[in-house]
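Listed here are the chains, written in short residue letters.
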Amino acid sequence: PNDLGFAGFRLHYQLNVQQYFDEVIAFLGASYFRAVARDGLYGLSARGLAVDTGLPKGEEFPVFREFWLEKPAKDAKQITVYALLDSPSVTGAYRFVIKPGEVTDIAVELVLSFRRDIQKLGIAPLTSMYFHGKTTQRYVDDFRPEVHDSDGLLIEAGDGELIWRPLNNPQRLAFSSFRINQPRGFGLLQRERNFDQYQDLEAKYQRRPSAWITPVGNWGAGNIELVEIPSNGEFDDN
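All residue numbers refer to position in the chain's written sequence, counted from 1. Side-chain atom pairs in this predicted model are given and counted only at pLDDT of 80 or more, local residue features only at pLDDT of at least 70, and totals for whole chains, interfaces and linings cover all residues. As a convention, hydrogens and water are excluded, and side-chain values are obtained from all of the structure's heavy atoms.

Enquirer: If you had to explain the pattern of salt bridges to someone new, which residues and values would you point to?
Expert: Any Lys or Arg side-chain nitrogen located within 4 Å of an Asp or Glu carboxyl oxygen qualifies as a salt bridge. Counting across every chain of the model gives 17 salt bridges. With a closest N to O distance of 2.5 Å, Glu 146 and Lys 134 form a salt bridge. One end of the pair, Glu 146, is in the loop between β12 (130-132) and β13 (147-148); the other, Lys 134, is in the loop between β12 and β13, with 12 residues separating them in the sequence. For Glu 146, a relative accessible area of 3% puts it in the buried group. What makes Lys 134 exposed here is its relative accessible area of 59%. Of the charged contacts in the structure, one is a salt bridge between Arg 208 and Asp 149, with a shortest N-O distance of 2.7 Å. In this pair, Arg 208 is assigned in the loop between β17 (185-189) and β18 (211-213) and Asp 149 in the loop between β13 and β14 (152-156), connecting sequence segments 59 residues apart. Arg 208 gets classed as buried once you look at its relative accessible area, which sits at 13%. A network of salt bridges, in which partner residues are shared, links Asp 142, Arg 144, Asp 200 and Glu 234. Counting from the N terminus, the helices are the DSSP runs of H or I reaching at least four residues and the strands are the DSSP runs of E reaching at least two. Each residue's exposure class comes from its accessible area (1.4 Å probe, protein chains only) as a fraction of the maximum for that residue type: buried when under 20%, exposed when over 50%, partly exposed otherwise.

Function-wise, these values are silent; they only describe arrangement.
Right, dumping it as structure tokens:
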């Protein structure tokens, strides 16, 4: 039909070999997007914005309603994407400069305009999967030693302190909050890179990416919050 619209899009680049254009990044659904670096596979996702995550009244999911892509030059090493974010509470203009490589770097600039007060606003949110691993204290009927896209939250505070919080699959909904003044960085990491820890020839969790957020400018004081949702399988981003 003429009004079919689109679900999202993906971009390809000669990431691993000159003869093939690998899929590098995909924007698909709500404000979700995910990317890979050289020799990596898709794993965790990022989101444009989080609104009221984990509150009893329910979460609001903004969506990227429109995109604009700058046509890259023939020998370009990066591409610029613009996006319009929209939801009942907020609208936003986004600019992504995407540089694929051994580390795929995405520089994000955004301007938000609010339609009403938001109780909890999440900037640079990440979503990932942790089914079981070293922190699991209950029995899991699975031959694989570990199953996860990320195994921990790492935070670099403004004073240089490093905080490592291993992920877990709890028996009930869990919240962990870290009060940080002017964070230098934070992210969800997949640190275990040994196949023996996963023993999964299909999922290849040892090749799932880590994501690191480097704040630009003065972010001031706030909380870095980790929400862990109980999950009975590896197909839930919990």
